Amino acid sequence: MDAEITLHVDGRERTFTVDTRTTLLDALRDRLGNTSPKKGCDHGQCGACTVLVEGRRINSCLALAVAHDGATLTTAAGLADETDLHPMQRAFLDQDGFQCGYCTPGQICSAVGMLQEANAGHPSAVSTGDGPTGTPLNDEEIRERMSGNLCRCGAYVNIVAAINQAQQAAPQVRQES
Amino acid sequence: MTVQHTGTAGQDLERIDGVAKVRGLAPYAYEHQVDNPLYLHPLQATISRGRIETIDTTQAQAAPGVVAVMTHLDAPRLAGTDDAELAILQSPAVGFRGQFIGAVLAETPEAARAAAALVRVEYTEEPHEAELRADRDDLYAPEQVNAGFPTDTRDGDPESAIAAAQVVVDQTYTTPFEHNNPMEPHTTVAQWVGDELVLHDSTQGVHPVRQTLAPVFGIAPEKIRVIAPNVGGGFGSKGVPHAHVVLTAMAAQRSNGRPVKYALTRQQMFFLAGYRTPTIQHVRLGADASGQLSGIIHDVIEQTSRIKEFAEQTAVPARMMYAAENRATSHRVAKLDVPVPSWMRAPGECPGMFGPEVAMDELAEACGIDPIELRVLNEPDIDPESGKPFASRHLVECLREGARRFGWADRDPQPRSRLVDGWYTGTGVASSTYPARRQTGNTARIRHDRAGRYSVQIGAVDIGTGAWTALTQIAAEALGCNAADIDLQIGDTDFPVATVAGGSTGTTSWGAAIIAAAQAFRDRHGDQPAVGAHAEGEAGENPAAQEYALHSFGAQFAEVQVHADTGEIRVSRMLGVFSAGRIINPRTARSQFLGGMTMGLGMALHENSVMDPRFGMIVNHDFAEYHIPTNADVRDMEAVWLDEVDEHAGKLGARGIGEIGIVGAAAAIANAAYHATGIRVRDLPLTADRFLA
Ligand code: FES
Ligand code: FES
């Protein structure tokens, strides 16, 4: 069965027809030609497909496209305008936070979404109180919160360094609850 | 006065492919825009051995969106069927569970997948065997082992030496069945354009793919073009083309010229893309009371697939690592009804340095000496195997430098004596080594495109190693210009021939060709070349390899915490110190060393493909159950190297760094876990249950 949906992807409105079985990830990659989000497992187990939906990070392989009709999506290709890089992307380059680059757009979207979650006061499994530990986040918090994004090249040391650079370059003011 | 050029070899240069990669705009195999593609979903065998009796595709053929269903009954006949892994759909025989038995081609991936589920297959099953055990009576000695090494070696009389030794370690160690699992799944996009086959393939070597496929399809290699500018990791599993490349190219013969796209699912990769064989390693060491080795025996048992032999060279490092007059090594292989094993990062050295390096730790304890001192004591003057001098052997410096940085001097050797907040803490060390080989058969082409700008072409592939950057730097140095003046072009068989990105040979082998091309270019065109001037250069063998044994060395240090009540194990610190010749780019090199160590951490703690021998089934065939390290598993980890140029490793002076980072890492962690808990685990991975004695 097909359905017509509209997605706002990286600032562009796209209306198109999809098979209702199509995941958001496949809609982006196969239908819209946006291959910035990657497919590493198609089962929500690796994070390579991470995109921001209304600013929140999700595994786009676990979402059905039709369930997101009208949604606003940001992929790593749309984090900054074409001539610029998002501070998180700059930090991944500076810290060599990748090797093959296949997990990287997902890592970067995830990191951006993750800092927003921390900024909104969400605790993680390693937080000692009701909110995140440390302003900016300490390494243990970063590692925990980024553990949904696998990197087989093993760039984790540099990914943590990159997120540190990015959060220090653009310090987020923690909301008081 | 010498001009200092920017970005040349040895300098810290940001990845030149990096901006595209952080945006996700660098195209991997699946992502090249092709017109009007069809999508493939395979049919896979659901038995481990036997034959297909009937295969009913009626319903699938009639399903919406389906263009073709292909089985052994109607698939194109292959011209070359010598390689049984690649000779798919040529007969009803099934060699292992998960083997390709057909494919559905459809207008969308969803339609292909849904239709594949409608195919009904009936089999006659034959008894299968899928369990590797040391007591099998059908173990055999292969003619040779991977990379052309002899199966067995023997010097002196190690049995007698060990029988007479004052101190003996005689233990069996095992390493598990492991899967490479690069993040980018194996992917092929195939299109026949007339009698030419064009492949966008996720591979470690474009020319090797065409060379392998040409006889399979009975066409000249020049009729196959393989394109792979960006590859999302391989770790050996994309070193040789696996059956999916053949399947996709065959399907493209049924698509009326339309391109066919196929990316393996993560689950399919566990059956169809190679893996590391499990090993059972019997290690015997004999030494005098001071720790001086007199005998080393390393006997390895491993598996291969019944349909195709891949015999890993696991015992090879024991042949050259330590001085002992009497040494023997052997490999025995079981042919099982299992998927075809292949290369996985440092085949041979990686598992082969686990048993012996844990055994060395056991010997050090038995002799009452420090494990670093034991290794220093047994340092050979020349390569024990070949009798040649080492071109460069700085193992002792690596161990000493690591000890200094890691704080080894303060270590109390007593195991199970540091309990803090419920965690036992310990530290361990192991040696690392990897051979430095140069592959012949590489050519590079250099052209002066416009004033001061050079294009450099070679069919090399960057699988994440940093080849885009390192080869640019090598070209800049060789031509005497800035890195920014080089337009590197790689990953395409339209460029001059190149060997595989494997065996830690890429940068050195391709780099040698680029240096030769630059030399030819300058010889012919001088320092003021005309626009359009060009030259090719080919790299021959490294003549020094005749006279010297060329190996890299390293020292791995680990600190481990094991929870006293739950057995939970964490690696709190890791340090690697490596001697690998000249480092072309310190930034990307550090990443590669750390990446190898991280994969070694996975080998130590997590990785284990579980075979259910009743069904020949790899039961944990996804990332939910086959665990690789996550971000939270890696804490304080650092890699450093000795500042050196190996004058015997060719003009570049480098020895290759892709694999040494994983070698010895698991042994260092296992040794640290023993120091923490007093429990000696000889079987990987080191799961919590092992520490609940
Ligand atoms: S592809 Fe979505 S989590 Fe792996
Ligand atoms: S950079 Fe290769 S998987 Fe992360």
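Everything numeric here is computed off the predicted structure, so don't read it as measured data.

## Structural notes on the overall build of chain B
Then, in step 1: The helix and strand inventory of chain B stands at 16 helices and 26 strands.
Then, in step 2: Radius of gyration (C-alpha) of chain B: 26 Å, near the 26 Å computed for a compact globule of 693 residues.
Then, in step 3: The principal-axis extents of the C-alpha atoms in chain B amount to approximately 75 × 75 × 50 Å.
Then, in step 4: Once local pairs closer than 6 in sequence are excluded, the contacts in chain B between residues at least 24 apart make up 81%.
Then, in step 5: Only carbon and sulfur atoms are counted for the fraction: they give 48% of the accessible area of chain B, which is about 23400 Å².

## A short note on the environment of His621 of chain B
Residues and elements named next belong to chain B.
Then, in step 1: Structurally, His621 can be placed in the loop between strand S25 (617-618) and strand S26 (636-641).
Then, in step 2: The spacing of His621 and Met611 is 10 residues in sequence and 9.8 Å in space, taken between C-alpha atoms.
Then, in step 3: Those residues within four positions of His621 in sequence are excluded, and the remaining contacts are Arg266, Gln267, Phe270 and Phe271.

## Examining the interface of chain A and chain B
A common measure of how large an interface is: the accessible area buried when the components associate.
Then, in step 1: Each partner contributes to the interface: chain A provides 54 residues, whereas chain B provides 59 residues.
Then, in step 2: For the pair chain A and chain B, the summed buried surface comes to about 4400 Å²; carbon and sulfur atoms form 53% of the total.
Then, in step 3: It is Gln99, Arg152 and Tyr156 of chain A in chain A that bury the most area against chain B; as a group they hold 19% of the surface buried on that side.
Then, in step 4: Inspection of the chain A/chain B interface yields six salt bridges.
Then, in step 5: Between Arg29 of chain A and Glu31 of chain B there is a salt bridge, with the nearest N and O atoms lying 2.8 Å from each other.
Then, in step 6: The interface formed by chain A and chain B holds 35 residue pairs in polar contact (both at pLDDT 80 or more) in total.
Then, in step 7: For the side of chain A that touches chain B, the per-class residue count stands at 21 nonpolar, 15 polar and 18 charged.

## Re the pattern of salt bridges
Residues and elements named next belong to chain B.
Then, in step 1: Using the criterion set out here, one finds 52 salt bridges over all chains in the structure.
Then, in step 2: A salt bridge links Asp12 to Arg587, with the nearest nitrogen and oxygen atoms 2.7 Å apart. Remark: Arg587 occurs in helix H15 (residues 586-605) and Asp12 occurs in the segment before helix H1 (18-23); sequence separation between them is 575 residues.
Then, in step 3: Exposure remark for Asp12: the relative accessible area of 48% places this residue in the partly exposed category.
Then, in step 4: For Glu107, the salt bridge identified is with Arg258, shortest N-O distance 2.8 Å. With a gap of 151 residues between them, Glu107 in the loop between strand S5 (100-106) and helix H3 (109-116) and Arg258 in the loop between helix H6 (243-251) and strand S12 (260-263) connect regions that are remote in the sequence.
Then, in step 5: For Glu107, a relative accessible area of 37% gives the class partly exposed.

## A short note on the sheet that holds strand S14 (residues 293-305) of chain B
Residues and elements named next belong to chain B.
Then, in step 1: Read from one edge of the open sheet, five strands run S7-S15-S14-S13-S8, paired in mixed fashion. Sheet topology places strand S7 (153-155) and strand S8 (167-175) at the edges, where each strand pairs with a single neighbour. Recorded for the sheet is a direction-independent mean angle of 10° between the axes of neighbouring strands.
Then, in step 2: Relative to strand S15 (residues 326-336), S7 runs antiparallel, the two being bridged by three bridges. Following the sheet pairing, Asp155 is matched in S15 by Arg327.
Then, in step 3: Each of S8, strand S13 (279-287) and S14 is contacted by helix H9 (residues 354-367), which is oriented at about 150° to S8, the strand it contacts most.

## What about the sheet that holds strand S18 (residues 442-450) of chain B?
Residue and element names in this part refer to chain B.
Then, in step 1: Here we have four strands laid out as an open sheet, ordered S20-S19-S18-S21, and mixed in their pairing. Two strands in the sheet have a free side with no partner beyond their single neighbour: strand S20 (486-489) and strand S21 (534-539). With strand direction ignored, the average angle separating the axes of adjacent strands in the sheet is 20°.
Then, in step 2: Sheet strands touched by helix H12 (residues 467-479): S18, strand S19 (453-457) and S20. Its angle to S20, the strand with the most contacts, is close to 135°.
Then, in step 3: Along the sheet, helix H13 (residues 506-525) makes contact with S18, S19 and S21, crossing S21 at roughly 140°.

## Concerning the domain arrangement of chain A
All names here are of chain A.
Then, in step 1: Looking at chain A, the domain boundaries give domain 1 (2-78) and domain 2 (87-175).
Then, in step 2: Once you take the C-alpha centre of each, domain 1 and domain 2 turn out to be 22 Å apart.
Then, in step 3: Listed by partner, the interface residues are 17 residues for domain 1 and 16 residues for domain 2.
Then, in step 4: Counting each side, the surface lost to burial between domain 1 and domain 2 is near 1200 Å², with a carbon and sulfur contribution of 52%.

## Points about the packing of aromatic side chains
Residues and elements named next belong to chain B.
Then, in step 1: Here the structure, examined in full by the defined rule, presents 12 aromatic pairs over all chains.
Then, in step 2: Seen from their ring centres, Tyr173 and Phe354 are 6.5 Å apart, and the 85° between their planes marks the pair as edge-to-face. Of this pair, Tyr173 sits in strand S8 while Phe354 sits in helix H9, and the two are 181 residues apart along the sequence.
Then, in step 3: Among the residues examined, Phe354 registers a relative accessible area of 1% and is labelled buried.
Then, in step 4: Considering the side-chain rings of Phe177 and Tyr275, the 4.4 Å spacing of their centres and the 40° angle between planes classify their relative orientation as tilted.

## Quick word on the domain arrangement of chain B
All names here are of chain B.
Then, in step 1: Segmenting chain B into domains produces domain 1 (18-28 + 439-541), domain 2 (32-126 + 183-233 + 239-272) and domain 3 (144-178 + 276-436 + 547-691).
Then, in step 2: Each of domain 2 and domain 3 was reduced to a C-alpha centroid, and the two centroids are 37 Å apart.
Then, in step 3: Residue-level contacts link 17 residues of domain 2 with 19 residues of domain 3.
Then, in step 4: In total, about 1700 Å² of surface goes out of reach between domain 2 and domain 3, with carbon and sulfur atoms giving 69% of it.
Then, in step 5: Summed over the shared surface of domain 2 and domain 3, the number is three salt bridges.
Then, in step 6: Across the salt bridge formed by Arg49 and Asp337, the nearest N and O atoms sit 3.7 Å from each other.
Then, in step 7: Here the residues of the side of domain 2 that touches domain 3 are counted per class, giving six nonpolar, six polar and five charged.

## Focus: the pairing of S21 of chain B
All names here are of chain B.
Then, in step 1: Residues Ala535, Gly537 and Ala539 of S21 are buried on one face, while the alternating residues His534, Glu536 and Glu538, pointing to the opposite face, are not.
Then, in step 2: Inspection of the sheet shows S18 paired to S21 by six bridges, in the antiparallel sense. Paired with Ala444 across the strands is Gly537, a residue of S21.

## Structural notes on the nonpolar core
Then, in step 1: Core analysis: the biggest nonpolar cluster contains 219 residues, and Ile163 of chain A together with Ile458, Leu471, Ile669 and Leu686 of chain B have the highest contact counts within it.
Then, in step 2: Setting aside residues no more than four positions away along its own chain, Leu686 of chain B makes contact with Ile569, Ala604, Leu605, Ile669, Ala670, Ala673, Val681 and Phe691 of chain B.
Then, in step 3: Membership of the second largest hydrophobic core comes to 19 residues, among which are Val66, Val104, Ala106 and Ala111 of chain B.

## Here's the deal with the confidence of the model for chain B
Regions with low pLDDT should not have their predicted coordinates read in detail.
Then, in step 1: On average, residues of chain B score 97 in pLDDT, and 100% of them are at 70 or above.
Then, in step 2: The ipTM assigned to the predicted complex is 0.98, against a pTM of 0.98.

## Things to note about the packing of helix H5 (residues 156-169) of chain A against H15 of chain B
Then, in step 1: At a minimum axis separation of 9 Å, H5 of chain A and H15 of chain B run at an interaxial angle of 120°. On the basis of their axis angle, the class for H5 of chain A and H15 of chain B is oblique. On H15 of chain B, the residues that touch Tyr156, Val157 and Asn158 of chain A of H5 of chain A are Arg590, Ser591, Leu594 and Thr598 of chain B.

## Overview of the side chain of Thr499 of chain B
Residues and elements named next belong to chain B.
Then, in step 1: Secondary-structure assignment places Thr499 in the loop between S20 and H13.
Then, in step 2: Looking at Thr499, the relative accessible area reads 13%, which means it is buried.
Then, in step 3: Once residues lying within four places of it in the same chain are set aside, the contact partners of Thr499 are Pro208, Gln439, Thr440, Gly441, Asn442, Ser509 and Trp510.

Thresholds applied
- Residues numbered from 1 in each chain as written.
- Chains lettered and ligands numbered in written order.
- Predicted model: local features only at pLDDT ≥ 70, side-chain atom pairs only at ≥ 80, totals over all residues.
- Heavy atoms only, no water.
- Helix = DSSP H or I, 4+ residues; strand = E, 2+ residues; numbered from the N terminus.
- Rg over C-alpha atoms; globule rule 2.2 N^0.38 Å.
- Contact = heavy atoms within 4.5 Å.
- Areas by Shrake-Rupley, 256 points an atom, 1.4 Å probe, with all protein chains shown as cover.
- Buried area = accessible area lost by both parts, 1.4 Å probe.
- Salt bridge = Lys/Arg side-chain N within 4 Å of Asp/Glu carboxyl O.
- Polar contact = N/O pair within 3.5 Å; in protein donor to acceptor, adjacent residues only side chain to side chain.
- Nonpolar A, V, L, I, M, F, W, Y, C, P; charged D, E, K, R; others polar.
- Buried < 20%, exposed > 50% of the residue type's maximum accessible area, 1.4 Å probe, protein only.
- Pairing = 2+ DSSP bridges.
- Axes fitted to C-alpha atoms, helices over the stretch in contact; angles between N-to-C directions.
- Domains from an automatic or database assignment.
- Phe/Tyr/Trp six-rings, centres within 6.5 Å; stacked < 30°, edge-to-face > 60°.
- Core = buried A, V, L, I, M, F, W, Y, C linked by side-chain atoms within 4.5 Å.
- pLDDT = per-residue confidence, 0-100.
- Parallel < 35°, antiparallel > 145°, perpendicular 65-115°, else oblique.

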